[in-house]
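Working through the structure, step by step
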Amino acid sequence: MIKHVYENPRTHLAITLGVWKALLLREAVSRISAGRAAWAWLLVEPVIHIAFMIVIFTVVRMRAVGGIETGAWLIAGLMSFFMFKRAGTQARNALNANSTLFAYRQVKPVDTVLMRALLEGFLSIIITVIVCIGALFFNINVAPDDPLTVFVAFFGLWLIGIGYGLILSVITTLVSEIGKVIDIAMTPIYMVSGVIFPLANLPVSFRKVLLLNPLAHGVEAARMGVSSYYHVIPELDIAYLYECGLGSIFLGLALHRYFETKLIMR
Amino acid sequence: MIIVDDIYKRYQTDHGPSKWILQGVSFVIPPRVSVGLVGRNGAGKSTLLRLIGGVDQPNRGYVERRCRVSWPMGFGGGLQMSLTGRQNAKFVCRIHGHEADMDDRIAYIQDFAELGGSFDEPIKTYSSGMKSRLQFGLSLAFDFDVYISDEVTSTGDAAFKKKAQDAFKNLADHASLIMVSHGEGTLKQFCTAGIWLNDGTAHWFDDINDALKAYKDTLPK
């Protein structure tokens, strides 16, 4: 009697892929075309940040850090850190921004988080390339000596961004106060990751503590890829970056699985 | 057929769990029977629709859907406010796996909703009537066996109500409706059976008029 209903049910994989495509396109539209010249702001934010830092370093007449030009050192550090931060922040806010879409059974909270992180990863790479080309006009050479290492560093930082987004999206939905604490903690994290000061200048005992932070490894690895002359810190461990990235993604997926129904409830 | 078996539901608030909204609700909706839900404000009608639609999960008990059930239409649910009607329509086509015949579906939605140029404007500029036109058109563009409507028809004008009714008459041989409405006329037009929600329990009536009568008898005179 109701046989026609199940004529050709889609597989779970087909549904998920359909949802991912729809979400990715939806996010891309609102990220790039929503508001006045939204795409321009994607670029303006990192450019202003970099320009500001370069001015400060010029004022203190620091022309080279760890054997490479200050401009290149800053751009490599900032853009790699942004890879983590942008993917992480966007992914973390995915549940709030997409709560109306959970009216469709097919859309799971974890889908929105993953697709936001994927889109932001794409955008960050495009922006990084544009910034590096733009830097050439100011005689700052950021063309990497070892592109593969740069890619490995960026990819690892992106993985940590996904893990951060997955974990924090669950925690901030369940306990909103924690989100505020993490926002406050973000600036110190930026400082201790060695984005705007060289970790190599610190005493070894102190540096060991800071290098528990996987972001510091990613940022240093990106610089190492940009210039083969860079005096990289001896403790650099790219495997640690990936262990933390995959570990946090695993934990984040587990949290999403465990709290799935609570995330959808209003 | 939809089987609702002994479901309990309460929400988590900032001050611990709320009181039970649904307490041991059980009923079976046979195929092709349109059902109207009646009850006071806060009786749990929308909650029950969300559970039937699979958007939310009961704390205890289960809901079994042996047919394709739409998402619950109503109150702007499922519409992304910053995107246009067309972009929302594309999104819904994609998640339902109609990438290939998307153009036909969108043409149908556009035709049904009769939004004119507003179809390409963001949803946040829509009136509530326009939103319900779009939501109705969206769900009718897909072949469900049961359509869930939460007061969607109440904000539409007379012409839209007529159109929605005609659309459902055409579907009547293979689809049905579960609806919440405070308009008695609307319920009688669309539904045959009724469920009366009272004090967290559900009472099934084979005739919607009996459900309305039972509901009205409890109201203060």
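Keep in mind it's a predicted model, so treat the numbers as computed, not measured.

So, how was this worked out
- Position numbers for residues count from 1 along each chain, tracking the sequence in the order it is written.
- Key to labels: chains lettered from A, ligands numbered from 1, both in the order written.
- pLDDT decides what is reported in this predicted model: residues at 70 or higher carry local features, side-chain atom pairs at 80 or more are listed and counted, and totals for whole chains, interfaces and linings draw on all residues regardless.
- The side-chain numbers reported here are obtained from all heavy atoms of the structure, hydrogens and water having been left aside.
- Helix and strand definitions follow DSSP, with helices as H or I runs of at least four residues and strands as E runs of at least two, each counted in order from the N terminus.
- Taken over C-alpha atoms, the radius of gyration is set against a globule rule of 2.2 Å times the number of residues to the power 0.38.
- The rule is simple: take the accessible area with a 1.4 Å probe, protein chains only, and divide by the maximum for that residue type; under 20% is buried, over 50% is exposed, in between is partly exposed.
- Where accessible areas are quoted, they stem from the Shrake-Rupley method and a 1.4 Å probe; at the residue level, only the protein chains shown are allowed to cover.
- Working rule for helices: expected span equals 1.5 Å times residues minus one.
- As used here, the arc belongs to the directions running from the helix axis to the C-beta atoms.
- Note on contacts: a residue pair qualifies if any of its non-hydrogen atoms lie within 4.5 Å across the two residues.
- By this definition, two strands are paired if DSSP reports at least two bridges between them.
- Interaxial angles span 0 to 180 degrees and are taken between N-to-C directions of axes, which are lines fitted to C-alpha atoms, for helices over the stretch in contact.
- Note on definitions: buried area is the accessible-area loss of two parts on being combined, 1.4 Å probe, summed for both.
- The term salt bridge refers to a pairing of a side-chain nitrogen on Lys or Arg with a carboxyl oxygen on Asp or Glu at a separation within 4 Å.
- Any pair of N or O atoms that falls within 3.5 Å is considered a polar contact. Within protein, one atom must be able to donate a hydrogen and the other to accept it, and sequence-neighbouring residues count only if both atoms are side-chain atoms.
- The scheme is simple: roughly parallel for angles under 35 degrees, roughly antiparallel for over 145, roughly perpendicular for 65 to 115, oblique for anything else.
- Only Asp, Glu, Lys and Arg are considered charged in this grouping, and only Ala, Val, Leu, Ile, Met, Phe, Trp, Tyr, Cys and Pro are considered nonpolar; every other residue, Gly among them, is considered polar.
- Domain delimitation in this document rests on an assignment produced automatically or drawn from a domain database.
- Patches here are clusters of residues that have more than 30% relative accessible area and form no salt bridge, with a 9 Å joining cutoff for like charges and a 5 Å cutoff for nonpolar side chains (Val, Leu, Ile, Met, Phe, Trp, Tyr).
- Side-chain atoms within 4.5 Å link the members of a nonpolar core, which is a set of buried Ala, Val, Leu, Ile, Met, Phe, Trp, Tyr and Cys residues.

So, about the overall build of chain A. In terms of regular secondary structure, chain A is built from 11 helices and two strands. Put simply, chain A runs from its N terminus to its C terminus through helices and strands in the order α-α-β-β-α-α-α-α-α-α-α-α-α. For 266 residues, the compact-globule estimate of 2.2 N^0.38 gives 18 Å, and chain A sits close to it at 21 Å. When its C-alpha atoms are laid out on the principal axes, chain A stretches across 80 × 40 × 35 Å. Going through the 266 residues of chain A one by one, you find that 47% of them count as buried. Accessible surface, chain A: about 13,600 Å² in total, of which carbon and sulfur atoms supply 70%.

Residues and elements named next belong to chain A. The first and last C-alpha atoms of helix α10 (residues 238–258) sit 30 Å apart over 21 residues, in line with the 30 Å expected at 1.5 Å per residue. Turning to α10, its buried residues number three or more, namely Leu 241, Gly 245, Ser 248, Ile 249, Gly 252, Leu 255 and His 256. Take α10 and look down its axis: the buried residues cluster within an arc of 125 degrees, on one side only. In α10, those exposed residues whose orientation departs by more than 90 degrees from the buried face are Glu 243, Leu 246, Phe 250, Arg 257 and Tyr 258. Turning to α10, the residues buried within the fold contact α4 (94–97), α5 (109–136), α6 (147–174), α9 (214–226) and α11 (260–264).

Now for the sheet that holds strand β8 (residues 146–150) of chain B. Residues and elements named next belong to chain B. Ordered by their spatial adjacency, six strands build an open sheet running β7-β8-β9-β5-β10-β11, and the pairing between neighbours is mixed. Every other strand in the sheet has two partners, leaving β7 (69–73) and β11 (201–205) as the edge strands with one partner each. Taking each pair of neighbouring strands and ignoring which way they run, the sheet shows an average axis angle of 15 degrees. Alignment of strand β10 (residues 193–198) against β11, held across five bridges, turns out to be antiparallel.

Before going further, it helps to examine the interface of chain B and chain A. For an interface, size is often stated in terms of accessible area lost upon the parts coming together. Taken together, the contact pairs 34 residues of chain B with 29 residues of chain A. Of the roughly 2,800 Å² buried at the junction of chain B and chain A (both faces included), carbon and sulfur atoms supply 57%. Ranking the residues of chain B by area buried against chain A places Gln 80, Phe 91 and Ile 95 of chain B at the top, with a combined share of 23%. Inspection of the region where chain B meets chain A yields one salt bridge. The partner of Glu 99 of chain B in a salt bridge is Lys 21 of chain A, with the nearest N and O atoms 3.3 Å apart. Our count for the chain B to chain A interface comes out at eight residue pairs in polar contact (both at pLDDT 80 or more). At the level of secondary structure, the elements contributing two or more residues to the side of chain B that touches chain A comprise β7 and α2 (85–95) of chain B. Per-element accounting of the side of chain B that touches chain A gives the leading share, five residues, to α2 of chain B.

Our next topic: the packing of helix α1 (residues 12–33) of chain A against α2 of chain B. Between α1 of chain A and α2 of chain B, the least distance of the axes is 7 Å, while the angle of their chain directions is 160 degrees. Classified by the angle between their axes, α1 of chain A and α2 of chain B sit roughly antiparallel to one another. Together, Gly 18, Val 19, Ala 22, Leu 23, Leu 25, Arg 26 and Val 29 of chain A of α1 of chain A and Gln 87, Phe 91, Arg 94 and Ile 95 of chain B of α2 of chain B make up the contact between the two elements. Residues that form the contact of α1 of chain A with α2 of chain B fall into these classes: seven nonpolar, two polar and two charged.

Next up on the list: the domain arrangement of chain B. All names here are of chain B. Taken domain by domain, chain B consists of domain 1 (1–68 + 144–221) and domain 2 (78–142). Just the C-alpha atoms count here: the centres of domain 1 and domain 2 sit 24 Å apart. Both sides of the domain 1 and domain 2 interface together cover about 1,100 Å² of buried area, and 70% of this is carbon and sulfur. Taken together, the links from domain 1 to domain 2 amount to one salt bridge. One salt bridge in this structure joins Lys 163 and Glu 114, with 2.5 Å as the shortest N-O distance. The tally of links from domain 1 across to domain 2 stands at five residue pairs in polar contact (both at pLDDT 80 or more).

Nonpolar side chains collect at one region of the surface, where Ile 125, Val 129, Ile 133, Phe 137 and Phe 138 of chain A lie side by side and expose about 570 Å² of accessible area between them. Inspection of the secondary structure puts Phe 138 of chain A in the loop between α5 and α6.

On to the nonpolar core, then. Counting residues in hydrophobic clusters, the biggest one holds 121 residues, and the most contacted among them are Val 107 of chain A together with Phe 91, Leu 134, Phe 136 and Tyr 147 of chain B. Three or more residues apiece are contributed to this core by two domains, here domain 1 (1–68 + 144–221) and domain 2 (78–142) of chain B. Those residues in contact with Phe 136 of chain B, other than ones at most four positions away along the chain, are Met 73, Phe 112, Val 152, Thr 153, Phe 160, Ala 164 and Phe 168 of chain B. If you look at the next biggest cluster of nonpolar residues, it comprises 27 residues, including Val 4, Ile 7, Leu 37 and Cys 67 of chain B.

Attention now goes to the pairing of strand β5 (residues 35–38) of chain B. Residue and element names in this part refer to chain B. Burial along β5 is two-sided: the residues Val 35 and Leu 37 and Gly 36 and Val 38 are all buried. Pairing analysis gives three bridges linking β5 to strand β9 (residues 176–180), with the strands arranged parallel. Opposite Leu 37, over in β9, you have Val 180 as the bridge partner. Two strands pair when backbone bridges link them, and β5 and β10 are joined in this way by four bridges, in the parallel orientation.

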